[in-house]
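# Analysis of the macromolecular model
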Amino acid sequence: MGLLELLNIRSKRPEGRVEGVEKVTGSGKYAAEYEVKNMCYAVLVNSTVPSGKIQSILVDKAKEVEGVIDIITHLHKPSVPGMDTEEKIKQSRFGLPIFHTDKIFFKGQPVAMVIAETLEDATFAASLVEAEYQKDSFDVDFNSAKETVALKAEGKERGNFDSWQNLPFTVDQQYNIKADVHNPMEMHATIAHWTGNDTLKLYDKNQGVNNVQRTFARLFSIPEKNIQVFSEFVGGGFGSGLRIWPHVLASVMGAKQVGHPVKLMLTRPQMFAATGYRPASWQRIKLASDPSGNLSGILHQAKNETSVYENFNDGITRVTRLIYKFPNLKTEAANVPLNLSTPTWMRGPGDCTGVFALESAIDELSYQLKMDPVTLRLKNISLEKHPDSNLPWSTHFLDECIDKGAKMIGWNARKATPSTVIEGDWYIGYGMAVGMWNAGRAEAKAAIIMSKDGSLVVQTAMTDIGTGTGTGMQNIAHEITGISKNKINIELGNSALPPAPSQGGSTGLSSVSGAVYDASNQLKQKLAEYASSVNGSFKGAVLENILLSDKSISLKNNSTVSVSYEELFEKNNLAEIRLEVASKPGSEREKFAFCSSAAHFCKVRVNKRTGKVKIEKLAVVADGGKIINSQAAANQMSGAAVGGIGMTLMEENQIDAKLGTLIGNDLAGYHFAVNADAPIIEVDFIHKPDPNINPSGAKGLGEVGIIGTAPAIANAIYNAIGIRMRDLPITPDKIL
Ligand code: MOS
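Residues numbered from 1 in each chain as written. Predicted model: local features only at pLDDT ≥ 70, side-chain atom pairs only at ≥ 80, totals over all residues. Heavy atoms only, no water.

Check the secondary structure of the chain and you find 19 helices and 30 strands. For the chain, the C-alpha radius of gyration of 28 Å lies close to 27 Å, the compact-globule estimate for 736 residues. Each principal axis of the C-alpha distribution contributes one length, and for the chain these read about 80 × 70 × 60 Å. By the burial criterion, 59% of the 736 residues in the chain qualify as buried. Taking contacts inside the chain between residues at least 6 apart in sequence as the whole, the part at least 24 apart equals 80%. Element-wise, carbon and sulfur atoms account for 50% of the exposed surface of the chain, whose accessible area totals about 29100 Å². (Helix = DSSP H or I, 4+ residues; strand = E, 2+ residues; numbered from the N terminus. Rg over C-alpha atoms; globule rule 2.2 N^0.38 Å. Buried < 20%, exposed > 50% of the residue type's maximum accessible area, 1.4 Å probe, protein only. Contact = heavy atoms within 4.5 Å. Areas by Shrake-Rupley, 256 points an atom, 1.4 Å probe, with all protein chains shown as cover.)

Remark on secondary structure: sheet strands pair via backbone hydrogen bonds, oriented parallel or antiparallel. Taking strand neighbours across the sheet as the criterion, the three strands line up as 4-2-6 in an open arrangement whose pairing is antiparallel. Two strands lie at the open edges of the sheet, namely strand 4 (103-104) and strand 6 (130-135), each paired on one side alone. Alignment of strand 2 (residues 52-58) against strand 6, held across six bridges, turns out to be antiparallel. Paired with Ile54 across the strands is Tyr133, a residue of strand 6. (Pairing = 2+ DSSP bridges.)

Taking strand neighbours across the sheet as the criterion, the four strands line up as 20-19-18-24 in an open arrangement whose pairing is mixed. Strands with a single pairing partner mark the edges of an open sheet, and in this sheet they are strand 20 (488-491) and strand 24 (576-583). Looking at each pair of strands side by side, their axes are set apart by 20° on average, direction ignored. Pairing of strand 19 (residues 456-459) with strand 20, which is carried by four bridges, proceeds in the parallel orientation. Paired with Val458 across the bridge in strand 20 is Ile490. (Axes fitted to C-alpha atoms, helices over the stretch in contact; angles between N-to-C directions.)

Interaxial distance between helix 10 (residues 351-369) and helix 18 (residues 709-721) falls to 8 Å at its minimum, and their mutual angle equals 30°. The pairing of helix 10 with helix 18 is recorded here as roughly parallel in orientation. Handedness of the crossing formed by helix 10 with helix 18: right-handed. Where helix 10 approaches helix 18, its residues Val355, Phe356, Glu359, Ser360, Asp363 and Tyr367 are matched on the opposing element by Ala710, Pro711, Ala714, Asn715, Tyr718 and Asn719. Along the lines of polarity and charge, the residues of the contact of helix 10 with helix 18 split into seven nonpolar, three polar and two charged. (Parallel < 35°, antiparallel > 145°, perpendicular 65-115°, else oblique. Left-handed = near helix turned anticlockwise from the far one by under 90°. Nonpolar A, V, L, I, M, F, W, Y, C, P; charged D, E, K, R; others polar.)

Summed over the entire model, instances satisfying the criterion amount to 14 aromatic pairs. Look at Phe312 and Trp345: their rings are 6.3 Å apart centre to centre, the planes differ by 70°, and that puts the pair in the edge-to-face class. Linking Phe312 in the loop between strand 14 (295-307) and strand 15 (328-338) with Trp345 in the loop between strand 15 and helix 10, this pair joins segments that are 33 residues apart in sequence. These aromatic residues form a ring-pair network of at least three members: Tyr34, Tyr203 and Phe230. Above the plane of the ring of Phe161 lies Lys330, whose end atom (NZ or CZ) is 4.4 Å from the centre. (Phe/Tyr/Trp six-rings, centres within 6.5 Å; stacked < 30°, edge-to-face > 60°. Lys NZ or Arg CZ within 6 Å of the ring centre and 35° of its normal.)

Here we take up the pairing of strand 25 (residues 595-607). Of all 13 residues that make up strand 25, 13 are buried, and the element is covered over most of its length. Side chains Cys595, Ser597, Ala599, Phe601, Lys603, Arg605 and Asn607 project from strand 25 onto one buried face, and the interleaved Ser596, Ala598, His600, Cys602, Val604 and Val606 project onto a second face that is buried too. Note: strand 17 (residues 426-438) against strand 25, 13 bridges, orientation antiparallel. Bridged to Tyr430 within strand 25 is Lys603.

This part takes up the environment of Leu547. Take Leu547: it is sitting in strand 21 (residues 546-548). For the pair formed by Leu547 and Ile713, sequence separation is 166 residues and the distance between their alpha carbons is 50 Å. What Leu547 contacts, discounting residues up to four positions off in sequence, is Ser552, Ile553, Ser554 and Lys556.

Next up on the list: helix 8 (residues 246-258). The terminal C-alpha atoms of helix 8 lie 18 Å apart, and with 13 residues this matches the ideal 18 Å at 1.5 Å per residue to within 8%. With eleven of 13 residues buried, helix 8 lies mostly within the body of the structure. Looking only at helix 8, the buried set comprises Pro246, His247, Val248, Leu249, Ala250, Ser251, Val252, Met253, Gly254, Ala255 and Val258. Among the residues trailing helix 8, Gly259 stands out with phi positive, at a value near 70°. (Expected span 1.5 Å × (residues − 1).)

Looking now at helix 5 (residues 119-128). Along helix 5, the positions that sit buried rather than exposed are Ala122, Ala125 and Ala126. Down the axis of helix 5, the buried side of the element spans an arc of 105°, and every buried residue falls inside it. Those residues of helix 5 that are exposed and angled more than 90 degrees off the buried face are Glu120 and Ser127. On its buried face, helix 5 sits against strand 1 (40-46), helix 3 (60-63), strand 3 (68-72) and strand 5 (110-116). (Arc of directions from axis to C-beta.)

Before going further, it helps to examine the confidence of the model for the chain. Any region with low pLDDT has predicted coordinates that should not be read closely. Per-residue pLDDT for the chain averages 96, and the proportion of residues at 70 or more is 98%. Counted against residues more than four places away or in other chains, residues 6-14, with its pLDDT under 50, gives three contacts. (pLDDT = per-residue confidence, 0-100.)

Residues Leu287, Ile323, Phe601 and Ile717 are the most contacted members of the largest nonpolar core, which totals 85 residues. Those residues in contact with Ile717 that sit more than four places away from it in its chain are Val604, Val606, Val613, Leu649, Gly722, Ile723, Met725, Ile730 and Ile735. Counting residues in hydrophobic clusters, the runner-up holds 41 residues, among them Ile476, Ala519, Leu568 and Leu574. (Core = buried A, V, L, I, M, F, W, Y, C linked by side-chain atoms within 4.5 Å.)

Locating Ser597 in the fold gives a position in strand 25. A relative accessible area of 0% means that Ser597 is categorised as buried.

Across the two faces of strand 20 the burial differs, with Ile488 and Ile490 buried and Asn489 and Glu491 not buried at all. In the classification by handedness, the crossover that spans strand 19, the intervening helix 13 (residues 469-481) and the parallel strand 20 is right-handed. (Right-handed = clockwise from strand over helix to strand, strands pointing away.)

Proximity of charged atoms lets side chains of opposite charge pair with each other. One pass over the structure, following the stated rule, counts 30 salt bridges. The partner of Asp180 in a salt bridge is Arg278, with the nearest N and O atoms 3.7 Å apart. Note that Asp180 is positioned in the loop between strand 8 (169-177) and strand 9 (189-196) and Arg278 in the loop between helix 9 (268-274) and strand 13 (281-289), a separation of 98 residues in sequence. On the accessibility criterion, Asp180 (1% relative accessible area) is buried. When its relative accessible area of 1% is taken as the criterion, Arg278 is described as buried. One salt bridge in this structure joins Asp623 and Lys699, with 3.1 Å as the shortest N-O distance. (Salt bridge = Lys/Arg side-chain N within 4 Å of Asp/Glu carboxyl O.)

Right, let's get into unusual backbone geometry. Of note, the amide linkage connecting Leu728 to Pro729 takes the cis form, showing an omega dihedral of 0°. For Asn573, which is not glycine, the phi torsion reads 60° and is therefore positive. On the secondary structure map, Asn573 appears in the loop between helix 15 (565-571) and strand 24.

Now the structure itself:
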């Protein structure tokens, strides 16, 4: 193939991610990949008991290793002003007070940190540190521990609980889900560099640089502006970067202690132990309907595990209050403390867990009623208003998602009676489920900078954890200004840039897109003002009439007037034009409720002889408002679906209950979905902008891609073999 042909093909390819080439070629640096002059390496030493007290830590042998600079323990550490009393530690809400306690809460808890000239020296020396413990009794068994914790009301009760207790169409079942881990490809790592006594530079893997900046400003009592946090490229997060984990503070303390920059990268097993996970859960759902399938009431009870040093509530019953018009509703929850590290938000947190129980129970009811599960859902979804607040949805097209998804999977081919479609050893079934997520938005700032040559830089501090935020920002700036995409550069993931919220909860693009949208429009207006000093026709030009090209500004209704940027910059004596814009939610949030939603359809094959479940096809249709970039949006949905397949069929953070040890804590021992497990995943969108959510009309998509995958698959398995799967993961032994 000749070069011209190649270029021709390249130019026809869909436009990619702004960070695509850097990420794929490895030239984009992750936190651990930076090199800083005079940098040292830190390695954590982890507790070998799950509960108790440190009696002594013997560091002498480790100190003899050549290259070892210092060893941090709770007895030998620099001062952290925000943690110097028990009261301050509590107030800091930091979580595990690393090196500030002699108590052991879980196995794998860091008890010491070796800092050395090389990683090899530090690793070897860490293996020589010995701690002696006073051992206490411990519990890591969620199954038995959950029985000892009482449920409490969560949220307001609706209607009358007794009124629906004896209806003939009732489902009352229990559901169990094992703990899953995020474990993004990029390791959690921090390079901490005190550039002065009270100035700190951090290269860190996280989902919110401003959050990291604020936290360390508080902990070390220094001004926020003295701290700069870089997370320009992030290799996945799934929620694991929303909190600041103990190792980040450890690296900052280490750098303070030795007076050199310190790099600390966790090992994969350490990531299993101390960067969060989706907590194991138990749920009970009791729901009932009248004979025509009108839902009468629901009781949703949920328990999730947490640590003994923090109380994490996953919010499992929230989604039950969101989707359907239950006139009577009662939700209860409890957290079960165990000797494990604290769980955290993981993709579709709470809702993803809750919807497995809810959508499995609704499916079960449909078989009792002998009603198509699609029909049952369409009858009961609250399309007009949020069932709790009674505010009208700004936009809500879950019904259209369902219609579209049913066509994509070929729902008509589904047989209402289970176990009726058989090909050899394989049973074939269809299932579906829906998911919703409150569509949030927070204040975000963005800056747009134009140079004389007409090129733009769009900036925000927000990180892009792989969702395509930067690409979305470029697309919006292009759409509004008309300037070519290849002339629009994106800068993000740096706390020195205009502040933005953390990227999480499907609020990233929803928050920052408004600022980019407004900044782009303000740039057009500003350019017209400057142009009017060159050509009077631009005086008082209205936004709709301003036309930008790559080189010049002109007027739509008068194509003869045009001012080049070069002339405009020269005449106005400008080096660059910079506009910084804040965008935040306002009174629309008092008038409307906001949600994203998705319908998940699954065609599955189940082998009755081997217990193998093969997902033949997933069809997912989402209402995410305006889709800024179809490719990035579809990636979000299909990536989430693969995560959902893992959660449904294989993922389980295995724990030895006798020893309190994680036993599958690496990517070989923890079974998750790989390419061979991912079927054809077809994704589509409703493509209707939400006119109230923000100026861009885009709602979030990160979560709804996984909220509903598990019940869609479990429901398809029931349709295939007539066995109801209420415990995840659905491993072959459960099928047989
Ligand atoms: Mo996510 S759990 O919103 O990173």
